[in-house]
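Remarks on the overall topology
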Amino acid sequence: MSSNAPVESPEAPAPPPKPVPAWDEPTAARAEIERLNAELAAHLARVAELEPAAAELHQLREAEKSEVQKLMERAETAERAAEQSRAELLRAPVAQAKGLSPQQAARLVGATREELEADADDLLATFTPAPEQAAAGGPLMMPDPSQGTSGQLPAGDPAQMFAAIIRNTLHR
């Protein structure tokens, strides 16, 4: 059930309005102005009394909000840590069964054991050397001869290398 009755305020009801004086008469007008000034002063004094309470209420609400936000952040952090732990518990047995190193295991992606096993198989297939390279004991990749120094710097002695750098820098 809903009620359409107005909600009563905890303050005392406002006094009924007084009849408006005749502004033609200076003494009546002056008395009314003084009465209105006194009423205004009373209202201003009441506002001055209530302002500190309103400010304190505002601060309490802000502090409460920040406490709620802090609790929410802590809950989110705990959820992330729980998810990371769950993922690690799934990842560890798969990595051990497939013979992956800890670095390789950290790269496994998947939400289920089956997805992790499929990713481990893919990882092993992608980064396992070809049988002829593994048997020959050769490098997994051939060096690129276009990379590195072009033979301009003397090899070996750091003093000669430093002197060559200085010479090249000064003669530009």
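Keep in mind that this is a model prediction, so the values were computed, not measured. (Residues numbered from 1 in each chain as written. Predicted model: local features only at pLDDT ≥ 70, side-chain atom pairs only at ≥ 80, totals over all residues. Heavy atoms only, no water.)

Re the overall build of the protein chain
Put simply, the test is: The numbering of helices and of strands both runs from the N terminus, where a helix is a DSSP run of H or I of at least 4 residues and a strand a run of E of at least 2. Burial classification: accessible surface area is computed with a 1.4 Å probe over protein chains only, and a residue below 20% of its type maximum counts as buried, one above 50% as exposed, and the rest as partly exposed. Here, residues are in contact when the closest pair of their heavy atoms is within 4.5 Å. Residue-level accessible areas treat just the shown protein chains as cover; the underlying method is Shrake-Rupley with a 1.4 Å probe.
The helix and strand inventory of the protein chain stands at 5 helices and 0 strands. In sequence order, the secondary structure elements of the protein chain are arranged as α-α-α-α-α. Within the protein chain, buried positions represent 7% of all 172 residues. Of the contacts made within the protein chain by residues no fewer than 6 positions apart, 12% connect residues no fewer than 24 positions apart. Taken as a whole, the protein chain presents about 15,000 Å² of accessible surface, with 60% of it coming from carbon and sulfur.

Comments concerning a nonpolar patch on the surface
Worth spelling out the cut-off: Here, patches come from residues exposed beyond 30% relative accessible area and free of salt bridges, joined within 9 Å for like charges and within 5 Å for nonpolar side chains (Val, Leu, Ile, Met, Phe, Trp, Tyr). Salt bridge, as applied in this entry: a Lys or Arg side-chain nitrogen positioned within 4 Å of an Asp or Glu carboxyl oxygen.
Where nonpolar side chains cluster on the molecular surface, the patch consists of Trp23, Ile33 and Leu36 and spans about 290 Å² of accessible area. Position of Ile33 among the secondary structure elements: in helix α1 (residues 26-98).

Some points on the nonpolar core
How we decide: By nonpolar core we mean a set of buried residues, namely Ala, Val, Leu, Ile, Met, Phe, Trp, Tyr and Cys, connected to one another through side-chain atoms within 4.5 Å.
Val94, Ala95, Leu100, Ala105, Leu108, Leu116, Ala120 and Leu123 together form the largest nonpolar core, which totals 8 residues. Looking at this core, the elements with two or more residues in it are α1 and α3 (113-127). At 3 residues, α3 tops the list of elements feeding residues into this core. Beyond its immediate sequence surroundings of up to four residues, Ala105 is in contact with Arg91, Ala95 and Leu100.

Regarding the side chain of Arg91
For Arg91, the position within the fold is in helix α1. A relative accessible area of 18% places Arg91 in the buried class. Residue contacts for Arg91: discarding those within four places in its chain leaves Ala105, Ala106, Leu108 and Leu116.

Quick look at the confidence of the model for the protein chain
Just so we agree on the cut-off: pLDDT expresses, on a scale from 0 to 100, how confident the predictor is about each individual residue.
Here the protein chain averages 80 in pLDDT, and 71% of its residues register 70 or above. Every residue in residues 1-7 is under pLDDT 50, and counting partners more than four places away or in other chains gives 0 contacts.

Quick look at the pattern of salt bridges
Scanning the entire structure with this criterion turns up 8 salt bridges. We note a salt bridge from Glu39 to Arg35, for which the minimum N-O separation is 2.9 Å. Here Arg35 and Glu39 lie together in helix α1, a separation of 4 residues that amounts to about one turn. The partner of Arg86 in a salt bridge is Glu83, and the shortest N-O contact between them spans 2.9 Å. Within this pair, Arg86 and its partner Glu83 are both found in helix α1, separated by 3 residues, close to a single helical turn. With a relative accessible area of 38%, Arg86 lands in the partly exposed category. Among the charged side chains, a network of salt bridges with common partners joins Glu32, Arg35 and Glu39.

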